[in-house]
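# Inside the fold
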Amino acid sequence: MNGADSLGLATWWSEQISALTLFGLNFGHPESLALLALLPLWFLWQRKRESQRRTIPFSRAAVLAAGPRPSLRWVKWLPWLRMLAIAGVILAVAQPRSGARAERVNSDGIDIALTVDISSSMLAEDFQPQNRMEVAREKLKRFVLGRKTDRVGLIAFSGEALTQVPLTTDYPVVLAAIDNLQVGQLEDGTAIGTAIATAANRLRNSPGRSRVMVLLTDGENNRGAIDPRTAAQAAGTFGIRIYTIGVGSEGMAPVPVGRGLFGLRYENRPVKIDEPLLTEIASSTGGRYFRAKDAAALQAIYEQIDQLERSAVEAKAFIRYTERFRWPLLFGLAALCAELWLRARRGVLP
């Protein structure tokens, strides 16, 4: 066998030992279990030794009568008790434990703030058969479902901005919050600068190597005291990359303006998206601007952002073991105490 074969065999044996399980337990030091194979040999040797010591010559019977009286009925248990004591100690040294091993995996992990416009214009029905809000919710949920180790937060804005969910990996909570996004939850309008500042405040102290803001809007900045360009520059100083998405078809779009006798009343209104502003915001932070004119385009945009934001990081998942060495150790000590008790109480001759 050459050196490479020997190394391969040693590696294989090490892997088998590390993966050893017994009664649903694995072991921190499984190599110690090899000592159990020596116990039968020790037991046979001990039995042979005991049998050779059963005839003990004494010069005077009075000396034998004054000494301890052996009980051969109990002597035969002594090697068994000693072997059980040693076996218990060996099992304890092998460190039995339950639970999964800690695993080191390479994964993609970034911090993402999803910033969504919920102004009244998001009810425009140019994404038939759904309106912009319904399509945005659906595509956002699909994007979140594709996350594995990314931390995701949700910020809603219109005339003001509000954090719905801080950065978290609890994706069911994020999905539930997306489902709850409704037009009319906040004061109407489009405060893009306020939205960027609110999302940046969530991202600026995040521990991720990559900080990303995805801002979706269908209008022009017309509310808020914070200038969008100033907010974007501030976000860029914190290493936050902004991807902006303009949602809406071209030309005119039917927008609900009230209720009549036969349900909602619609008016065709021009689609106004400040694309130069959204482009400047994205480019100033190293991001990109996208235009979604229909549901398919919006889905494709989120897929592109998903591919652009892949930052490989090494994540180590720790799962605490439940140590089980106490039980075999207590068992071994109990067997040793029983042996000592028998030797003392039954007067076994040395």
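Below or above, wherever it landed, is the structure these notes cover. Everything numeric here is computed off the predicted structure, so don't read it as measured data. Sequence order as written defines the numbering, with residues in each chain counted from 1. Under the rules for a predicted model, residues below a pLDDT of 70 receive no local features and side-chain atom pairs below 80 are neither given nor counted, while totals for whole chains, interfaces and linings still include all residues. In computing side-chain values, all of the structure's heavy atoms are included and hydrogens and water are not.

## A word on the overall build of the protein chain
The following threshold applies: A run of H or I in DSSP becomes a helix once it reaches four residues, and a run of E becomes a strand once it reaches two; helices and strands are each numbered from the N terminus. Should any heavy atoms of two residues lie within 4.5 Å, those residues are considered in contact. Where accessible areas are quoted, they stem from the Shrake-Rupley method and a 1.4 Å probe; at the residue level, only the protein chains shown are allowed to cover.
Counting its secondary structure elements, the protein chain contains 12 helices and 14 strands. Long-range pairs, those at least 24 residues apart, make up 79% of the contacts in the protein chain between residues at least 6 apart in sequence. Working note: accessible area of the protein chain is about 19800 Å², and carbon and sulfur atoms make up 56% of it.

## Notes on the layout of surface pockets
Which entries qualify depends on this criterion: A cavity here means a set of points on a 1 Å grid, drawn over the protein atoms and nothing else, where a 1.4 Å probe fits but cannot get out; a pocket is an open set with protein on both sides within 12 Å along at least five of seven lines, and a residue lines either one if it has an atom within 4 Å of a point. Grid points are joined across faces, edges and corners, and a volume is the space filled by probe spheres set on the points. For this classification, Asp, Glu, Lys and Arg are treated as charged, while Ala, Val, Leu, Ile, Met, Phe, Trp, Tyr, Cys and Pro are nonpolar and the rest, including Gly, are polar.
Taken as a whole, the largest pocket spans an internal volume of roughly 420 Å³. Lining the largest pocket are 19 residues, with S121, D218, G219, R269 and P270 positioned closest to its centre. Of all the secondary structure elements, the ones that give two or more residues to the lining of the largest pocket are β10 (252-260) and β11 (263-270). Partitioned by chemical class, the residues of the lining of the largest pocket number 6 nonpolar, 7 polar and 6 charged.

## Some words on the nonpolar core
One broad trend across soluble globular proteins is that nonpolar side chains are buried collectively. As a reminder of what qualifies: To define a nonpolar core, start from buried Ala, Val, Leu, Ile, Met, Phe, Trp, Tyr and Cys residues and group those joined through side-chain atoms within 4.5 Å. Three exposure classes are used, based on accessible area relative to the maximum for each residue type with a 1.4 Å probe and protein chains only: buried under 20%, partly exposed in between, and exposed over 50%.
Of all hydrophobic cores here, the largest spans 36 residues; its most connected members are L114, V144, L154, V214, L216, I245 and Y302. Those elements that place two or more of their residues in this core are β5 (111-117), α6 (132-145), β6 (151-157), α7 (171-179), β8 (211-217), β9 (240-247), β12 (289-292) and α11 (295-308). Among the elements that make up this core, the one with the highest residue count is α6 (6 residues). Excluding anything up to four places from it in sequence, L154 contacts L114, V116, L162, T163, Q164, V165, A177, I178 and L181. Among the nonpolar cores identified, the runner-up in size contains 28 residues, and L167, I196, A200 and I242 belong to it.

## So, the pairing of strand β7 (residues 161-168)
Where we set the bar: The rule for pairing is simple: two strands pair if DSSP sees at least two bridges between them.
Direction of pairing for β6 relative to β7: antiparallel, over a ladder of 5 bridges. If you follow V152 over to β7, its bridge partner there is T168.

## Things to note about the environment of S283
Mapping S283 onto the fold places it in helix α10 (residues 275-284). Sequence separation between S283 and A232 is 51 residues, and the spatial gap between their C-alpha atoms is 9.7 Å.

## Here we look at the packing of aromatic side chains
Rules: Working definition: rings of Phe, Tyr and Trp (its six-membered ring) pair if their centres are within 6.5 Å, and the pair is stacked with planes under 30 degrees apart, edge-to-face with planes over 60 apart, and tilted otherwise. In this scheme, the term charge over a ring applies when either NZ of a lysine or CZ of an arginine sits within 6 Å of the ring centre and within 35 degrees of the ring normal.
For the structure shown, the criterion picks out 2 aromatic pairs. The ring of F143 carries the charged tip of R147 above its face, separated from the ring centre by 4.3 Å.

## Considering a nonpolar patch on the surface
Heads up, the rule is: In this scheme, patches are assembled from residues that exceed 30% relative accessible area and form no salt bridge. Like charges are connected within 9 Å, while nonpolar side chains (Val, Leu, Ile, Met, Phe, Trp, Tyr) are connected within 5 Å. Just to be clear on terms, a salt bridge is a Lys or Arg side-chain nitrogen sitting within 4 Å of an Asp or Glu carboxyl oxygen.
A surface patch of nonpolar side chains, amounting to about 740 Å² of accessible area, comprises V89, V93, W327, L329, L330, L333, L336 and L340. Mapped onto the nonpolar patch, the elements with two or more residues apiece are α5 (78-93) and α12 (326-345). Per-element tally for the nonpolar patch: the top contributor is α12, with 6 residues. With respect to the helices and strands, L333 occurs in helix α12.

## A closer look at the pairing of β8
Our working rule: When the strands point away from the viewer and the connection leading from the first strand across the helix to the second strand turns clockwise, the crossover is called right-handed.
Burial runs high along β8: 7 of the 7 residues are buried. Alternating positions in β8 separate into two faces, R211, M213, L215 and T217 on one and V212, V214 and L216 on the other, with burial throughout. As paired strands, β5 and β8 are joined by 6 bridges and run parallel to one another. Residue pairing in the sheet places I112 in a bridge with V212 of β8. Where β8 lies against β9, 7 bridges are found, and the strand directions are parallel. Paired with L216 across the strands is I245, a residue of β9. Between β8 and its parallel partner β9, the chain crosses via helix α9 (residues 228-237), and the hand of that crossover is right-handed.

## Observations regarding the sheet that holds β5
Going by this rule: For helices, the axis comes from a line fit to the C-alpha atoms of the stretch in contact; other axes are also lines fit to C-alpha atoms, and the angle between any two N-to-C directions lies between 0 and 180 degrees.
Strand order in the open sheet formed by 6 strands is β7-β6-β5-β8-β9-β12, and the pairing between neighbours is mixed. Two strands in the sheet have a free side with no partner beyond their single neighbour: β7 and β12. Averaged over all pairs of adjacent strands, the angle between strand axes in this sheet comes to 15°, irrespective of strand direction. The strands that α7 touches are β6 and β7; relative to β7, the one it contacts most, it runs at about 160°.

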